[in-house]
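# An overview of the molecular structure
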Amino acid sequence: MNIYITYILLGVLLPLIALLYDGIERKMTARIQGRVGPPITQSWLDFIKLLTKKVKLPEDTNMLMLFTGLVLMFAGAFIPLIMVFMRKGDLILLMYLMVGGTLGILLTGLAFRSPYSRVGVSREMQMAFAYEISFIFAIVITIMVTGCRTLESCNVSSIPLVKWPLLLIPFILFLFVAPAKVGVVPVDIGEAESEIAEGPFVEIGGRYLAIAKLSKSMKMLALMQLITLLYLLPADVTGIWYWIYSFVIDGVLVFFTISVVRNAASRIKIDQAVKFYATVPLTIGIIGLVIVYLMRGWGM
Amino acid sequence: MSLWSLLFDPDNSIWVYRINAGSCNGCEIETTPLFTPRYDAERFGIKWVGTPRHADVVLVTGPVTAVAKESVMEVLSQVPDPHVVIAIGSCAVSGGVFRGSYALEGPLDNLYPVDLYVLGCPPKPEGILTALLEAKKILKAKRKGQHQEKPLVVDPAGMVMGR
């Protein structure tokens, strides 16, 4: 098949699949709580509904900042999503793009003068400082262990068996970072629905909110697929089996890193979250980096 | 639900915002169980939102007091179209036991067009859930540009009257 047709197909289908995963996550949450839950297409229906609504923004909205933020947010989720599923591109570039998505959220919130939005941006920024370092550590350790930077070769199956335990460190870091990066309940302090009414998104509505919600779903799927790709993908899984295996493992990861965490804990305060991310994952990351560096020095 | 409505019907997603316009909290206590496992309104695509700018449906409880009037009108002016306004409970419908008081500016339909009334002091969660499901049909009509002539009334146990 022509490579351009593949990219266009993926560009249309993967956002839809990301919304479906969001719906599956809501269904799993509901089942854990003993409810029936919405149909798994619910997030997709929400998306269509938001597109049909009229947009009503405050008069003093900074439109340039709003559009920049939305474009950054969308690009920071859509491009990584295509990259990780096509296994094309550079890990460092992926890291920058995903940090750019967080920057997009901040810019979107700063476009409004609502105090809720400002509080949300401030908390989002503190959280970003706390967890992005662990995310960067995870990617750097992965690159140092596997010795490559591209997504097609940088994989658990490309290194000898004795080095596999070293990849446990970034894997655990990713599991810590995933809820914060996606923004689910114990650590979604910047977007807390019940306290500050979705923080940076408090004033946007209609199609702008649709883009924000779509970006969030795509970021979740991209992060899950990145974890699958780097740490959980055997070498002999190719072709159609690659897609089936990826989607199944992504679903399992969504269940364990998002749904279970979300139902096991209530939302914590910003100082608790920052303290946690600045101690546990960061310590693991620094120790991991030292171990990997020393082992490289010994020629392993 | 048919496959079409599962995949493409925007009316299966209703985001609800609540306003307390001087209510005694009885109606709030009855709206909260909608999201417990017993009633589980989320299976119909209903979700609470924290800001009027995301809302499709606005639930107003309480007679609109003189103090609350300005805030209520400002919040209602921020809800994007198409939207449905539901008056919950006797106070929001008619003023209830406070009717005629010097402290009231309401009831709500003196100030803003109301699409659905839910009777009862307080109404049961079944009544509120029925009203939200009726709001789906009103939203569908409003998306097509139609307007219903007279508002619907839902009794406390969830029977729809006035049709």
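Parameters at a glance
- Residues numbered from 1 in each chain as written.
- Chains lettered and ligands numbered in written order.
- Predicted model: local features only at pLDDT ≥ 70, side-chain atom pairs only at ≥ 80, totals over all residues.
- Axes fitted to C-alpha atoms, helices over the stretch in contact; angles between N-to-C directions.
- Helix = DSSP H or I, 4+ residues; strand = E, 2+ residues; numbered from the N terminus.
- Parallel < 35°, antiparallel > 145°, perpendicular 65-115°, else oblique.
- Contact = placed C-beta atoms within 7 Å.
- Nonpolar A, V, L, I, M, F, W, Y, C, P; charged D, E, K, R; others polar.
- Pairing = 2+ DSSP bridges.
- Buried ≥ 20, exposed ≤ 12 C-beta atoms within 10 Å, placed from the backbone.
- pLDDT = per-residue confidence, 0-100.
- Right-handed = clockwise from strand over helix to strand, strands pointing away.

Next up on the list: the packing of helix α1 (residues 3-32) of chain A against helix α8 (residues 206-231) of chain A. All names here are of chain A. Between α1 and α8, the least distance of the axes is 8 Å, while the angle of their chain directions is 85 degrees. What the angle tells us is that α1 and α8 run roughly perpendicular. Residues Pro-15, Ile-17, Ala-18, Leu-19, Tyr-21 and Asp-22 of α1 form the contact with α8, whose participating residues are Leu-214, Ser-217, Met-218, Met-220 and Leu-221. Class assignment of the residues belonging to the contact of α1 with α8 gives a composition of nine nonpolar, one polar and one charged.

Let us now look at the sheet that holds strand β3 (residues 57-61) of chain B. Residue and element names in this part refer to chain B. One open sheet accounts for seven strands, arranged β2-β1-β3-β4-β5-β6-β7; its pairing is mixed. Strands with a single pairing partner mark the edges of an open sheet, and in this sheet they are β2 (46-48) and β7 (160-161). When strand β1 (residues 14-20) meets β3, the two strands line up parallel, connected through five bridges. When the bridges of β3 are listed, Ile-19 appears paired with Val-60.

This part is about the environment of A:Val145. Residue and element names in this part refer to chain A. Structurally, Val-145 is set in helix α5 (residues 115-146). By the C-beta count within 10 Å, which is 24 here, Val-145 ends up buried. C-alpha separation for the pair Val-145 and Ile-159, spaced 14 residues apart in sequence, amounts to 8.3 Å. If near-sequence neighbours (up to four positions away) are discounted, Val-145 is found in contact with Ile-159, Lys-163, Leu-166, Leu-167 and Val-292.

What follows covers the confidence of the model for chain B. Note: predicted coordinates in regions of low pLDDT should not be interpreted at a detailed level. All names here are of chain B. Residues at a pLDDT of 70 or more form 97% of chain B, whose mean pLDDT is 84. When mean pLDDT is compared element by element in chain B, β3 scores highest at 91, while helix α1 (residues 3-8) scores lowest at 72. Reported for the predicted complex are a pTM of 0.86 and an ipTM of 0.85.

Once that is clear, we can look at the pairing of strand β4 (residues 84-88) of chain B. Residue and element names in this part refer to chain B. Counting buried residues along β4, five of its five residues qualify, which places the element largely inside the surrounding structure. Residues Val-84, Ile-86 and Ile-88 of β4 are buried on one face, and the alternating residues Val-85 and Ala-87, pointing to the opposite face, are buried as well. Inspection of the sheet shows β3 paired to β4 by five bridges, in the parallel sense. Across the sheet, the residue bridging to Val-57 is Val-84, located in β4. Between β3 and its parallel partner β4, the chain crosses via helix α3 (residues 66-77), and the hand of that crossover is right-handed. Sheet topology places β4 next to strand β5 (residues 116-118); three bridges connect them, and they run parallel.

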